[in-house]
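# Residue-level structural notes
Now for the letters of each chain:
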Amino acid sequence: MPDIVSIDDFLLCDLNLSDKELEVVFRRSPDIKAEQFRLKMILKEEFSVDVSHAEENGVETNIIAVPELKNELNILRLQELGRKIVEQTNNLYPKNKD
């Protein structure tokens, strides 16, 4: 269980990495009911990302469904963030060489 990482006003609270898929959850506080963003990334040659947002105690909504949030979506920055998270995760938890 890694330490919680702070990024601006959000905490990186959950991280799942397998092959070329990455899922991360950023919350305003460690509380599971806090406002959050969930990013599900496919890190292949053709990058794709699904971003969900939930207000405090709210239901997750795909960011594409909220015009003011969709307009702020920067795919290249998200791709860079995903690449850096994978890089740092691999540095912290190297894969076993069988």
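Scroll up to find the structure this text is about.
Residues numbered from 1 in each chain as written. Predicted model: local features only at pLDDT ≥ 70, side-chain atom pairs only at ≥ 80, totals over all residues. Heavy atoms only, no water.

Looking now at the packing of aromatic side chains. The final tally for this structure, using the stated rule, is one aromatic pair. Ring centres 5.5 Å apart and planes at 70° place the aromatic pair Phe10 and Phe37 in the edge-to-face group. Pair noted here: Phe10 is in strand E2 (residues 10–18) and Phe37 is in strand E4 (residues 36–42), with a separation of 27 residues, a long-range link. A relative accessible area of 14% places Phe10 in the buried class. (Phe/Tyr/Trp six-rings, centres within 6.5 Å; stacked < 30°, edge-to-face > 60°. Helix = DSSP H or I, 4+ residues; strand = E, 2+ residues; numbered from the N terminus. Buried < 20%, exposed > 50% of the residue type's maximum accessible area, 1.4 Å probe, protein only.)

Here the focus is the side chain of Gln36. Of note, Gln36 is situated in strand E4. Using a relative accessible area of 6% as the deciding quantity, one classes Gln36 as buried. Once residues lying within four places of it in the same chain are set aside, the contact partners of Gln36 are Val25, Phe26, Arg27, Ser52, His53, Ala54 and Glu60. (Contact = heavy atoms within 4.5 Å.)

Here the focus is the side chain of His53. For His53, the position within the fold is in strand E5 (residues 48–54). Within the local environment of His53, its side chain forms a polar contact with the side chain of Glu35, the two groups lying 2.8 Å apart. For His53, the contacting residues outside a window of four places in its chain are Glu35, Gln36, Phe37, Val59, Glu60, Thr61 and Leu69. (Polar contact = N/O pair within 3.5 Å; in protein donor to acceptor, adjacent residues only side chain to side chain.)

Another aspect to go through is the pattern of salt bridges. Following the criterion strictly, the structure yields six salt bridges and no others. Across the pair Glu23 and Arg38 runs a salt bridge whose closest N-O atoms are separated by 2.7 Å. With Glu23 in strand E3 (residues 21–27) and Arg38 in strand E4, this residue pair connects regions lying 15 residues apart in the sequence. By relative accessible area, Glu23 is classed as partly exposed at 21%. As a salt-bridge pair, Arg77 and Glu80 come within 3.9 Å of each other at their nearest N and O atoms. Here Glu80 and Arg77 lie together in helix H2 (residues 75–92), a separation of three residues that amounts to about one turn. Residue classification places Arg77 among the exposed positions, given a relative accessible area of 55%. Classification of Glu80 as partly exposed rests on a relative accessible area of 25%. Overlapping salt bridges, with partners in common, bring together Asp9, Arg28 and Glu35 in one network. (Salt bridge = Lys/Arg side-chain N within 4 Å of Asp/Glu carboxyl O.)

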